[in-house]
Amino acid sequence: MDIVVKGRKTEVPERFRKHVAEKLNPEKIQKLDSKVISLDVEVSKEPNPRQADRSDRVEITLHSRGPVIRAEAAAGDPYAALDLATSKLEARLRKQHDKRFTRRGNGRLSAAEVPTAIPGVARMNGNGATATEEQQDDIPTTKVGPLEVRGEGPLVVREKTHKAAPMSLDQALYEMELVGHDFYLFVDSENKLPAVVYRRHAYDYGVIHLETDPLAGSEAGGAGGALGG
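Let me begin by describing the structure that accompanies this report. Please read all numbers here as calculations on a predicted model, not as lab measurements.

### Things to note about unusual backbone geometry
So, step 1. Positive phi outside glycine occurs at lysine 9, with the angle close to 60 degrees.
So, step 2. Following the sequence through the fold, lysine 9 ends up in the loop between β1 (2-8) and α1 (14-23).
So, step 3. The phi torsion at lysine 192 lies on the positive side, around 60 degrees, for a residue other than glycine.
So, step 4. Structurally, lysine 192 is set in the loop between β7 (183-187) and β8 (194-199).

### Describing the pairing of strand β2 (residues 36-45)
So, step 1. Counting buried residues in β2 gives seven out of ten residues, a clear majority hidden from the surface.
So, step 2. Pairing of β1 with β2, which is carried by seven bridges, proceeds in the parallel orientation. From the neighbouring strand, aspartate 2 faces β2, where its bridge partner is serine 38.
So, step 3. Note: β2 against strand β3 (residues 56-64), nine bridges, orientation antiparallel. By the bridge assignment, aspartate 40 is partnered in β3 with threonine 61.

### Some thoughts on the sheet that holds β2
So, step 1. Spatial strand order, β1-β2-β3-β4: four strands in an open sheet with mixed pairing. Whereas interior strands pair on both sides, the edge strands pair on one side only; in this sheet they are β1 and β4 (69-75). Looking at each pair of strands side by side, their axes are set apart by 15 degrees on average, direction ignored.
So, step 2. Lying over the sheet, α1 contacts β1, β2 and β3, oriented at roughly 140 degrees with respect to β1.

### So, the packing of aromatic side chains
So, step 1. This model, assessed by the stated rule, comprises one aromatic pair.
So, step 2. Geometrically, the ring pair formed by phenylalanine 16 and tyrosine 79 is edge-to-face, given 5.2 Å between the ring centres and 80 degrees between the ring planes. Of the two residues, phenylalanine 16 is situated in helix α1 and tyrosine 79 in helix α3 (residues 78-100); the sequence distance between them amounts to 63 residues.
So, step 3. Here phenylalanine 16 falls in the buried class, since its relative accessible area comes to 3%.
So, step 4. Under the relative-accessibility criterion, tyrosine 79 is labelled partly exposed at 26%.

### What about the sheet that holds β7?
So, step 1. Strand order in the open sheet made by the three strands is β7-β8-β9, with antiparallel pairing throughout. In the strand order of this sheet, the two ends are held by β7 and β9 (205-209), each with one partner. The mean inter-strand angle of the sheet, taken between neighbouring strand axes irrespective of direction, is 20 degrees.
So, step 2. Examined bridge by bridge, β7 and β8 share five bridges and lie antiparallel to one another. Directly across from tyrosine 184, in β8, lies its bridge partner valine 197.

### Brief notes about the side chain of glutamate 42
So, step 1. Tracing the backbone shows glutamate 42 in strand β2.
So, step 2. The class for glutamate 42 is buried, based on a relative accessible area of 14%.

### Here's the deal with the side chain of serine 64
So, step 1. Mapped onto the secondary structure, serine 64 falls in strand β3.
So, step 2. Relative accessible area serves as the criterion here: at 13%, serine 64 is assigned to the buried category.
So, step 3. Looking at serine 64, its side chain comes within polar contact range of the side chain of aspartate 33, at 3.5 Å.

### Concerning helix α5 (residues 169-179)
So, step 1. Burial analysis of α5 places nine of its eleven residues in the buried class, the great majority of the element.
So, step 2. Glycine 180 sits one or two residues past α5 and shows a positive phi near 75 degrees.

### Some details on the pattern of salt bridges
So, step 1. Within this structure, the stated rule accounts for nine salt bridges.
So, step 2. In this structure, the salt-bridge partner of arginine 94 is glutamate 90, at a minimum N-O distance of 3.8 Å. One end of the pair is arginine 94 and the other is glutamate 90, both in helix α3 and four residues apart, which spans about a single turn.
So, step 3. You can call glutamate 90 buried: its relative accessible area is 14%.
So, step 4. Note that arginine 199 is salt-bridged to aspartate 182, the shortest N-O span being 3.3 Å. Of this pair, arginine 199 sits in strand β8 while aspartate 182 sits in the loop between α5 and β7, placing them 17 residues apart in sequence.
So, step 5. Residue arginine 199 is classed as buried on the basis of its relative accessible area, which comes to 7%.
So, step 6. Aspartate 182 sits in the partly exposed class, given a relative accessible area of 23%.
So, step 7. One continuous salt-bridge network, built from bridges that share partners, spans Arg57, Glu59, Arg70 and Glu72.

Criteria and cut-off values
Residues numbered from 1 in each chain as written. Predicted model: local features only at pLDDT ≥ 70, side-chain atom pairs only at ≥ 80, totals over all residues. Heavy atoms only, no water. Helix = DSSP H or I, 4+ residues; strand = E, 2+ residues; numbered from the N terminus. Buried < 20%, exposed > 50% of the residue type's maximum accessible area, 1.4 Å probe, protein only. Pairing = 2+ DSSP bridges. Axes fitted to C-alpha atoms, helices over the stretch in contact; angles between N-to-C directions. Contact = heavy atoms within 4.5 Å. Phe/Tyr/Trp six-rings, centres within 6.5 Å; stacked < 30°, edge-to-face > 60°. Polar contact = N/O pair within 3.5 Å; in protein donor to acceptor, adjacent residues only side chain to side chain. Salt bridge = Lys/Arg side-chain N within 4 Å of Asp/Glu carboxyl O.

No statement about biological role is implied by the geometric values presented.
Here it is, written out as structure tokens:
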């Protein structure tokens, strides 16, 4: 199993790289997922002094012959962030491991049971913000073209392309929890169209389906749909 440690706009000391190798014990991880191929560990640092207690962020992505599993955490130093992210990763690996040994989905968690069964699941407040994060209304915003940038920036735009097999809504919910996101883009196996499942208020979930409108003009009037409805 390969472990790749990299920094995003920050240097990663050799001491921390060795600590990652010790913390992410290959034997322990392979007991939970024997199909694991590699682990990517990305370290980044928030320069905003207002976020000193969450300045170091660690993101762990596990690649295997099954679903991609992702966990991230932020803390006042990279070692504490790594500990938190590792705990989340192991919890999601155990969930996947337990599911693998159930028959035809028996014992699968319902959407209502997910927040109590999976540590670290994000919870959203009524405004769509993460409930565990403090509101930062006093942070100044600046305009960058059509976008607003909060705080000192910098503005980072990330674009990713993924290959995916069609799946059911139930499977999309399950994989959303594995990667630790509040939304998940997938191809619906029933109609073979793209869709997004997302977390709404409290523990509710929503789903948006996209289909081509033959009567629509060549230029779209706006975004396909907001995730707060």
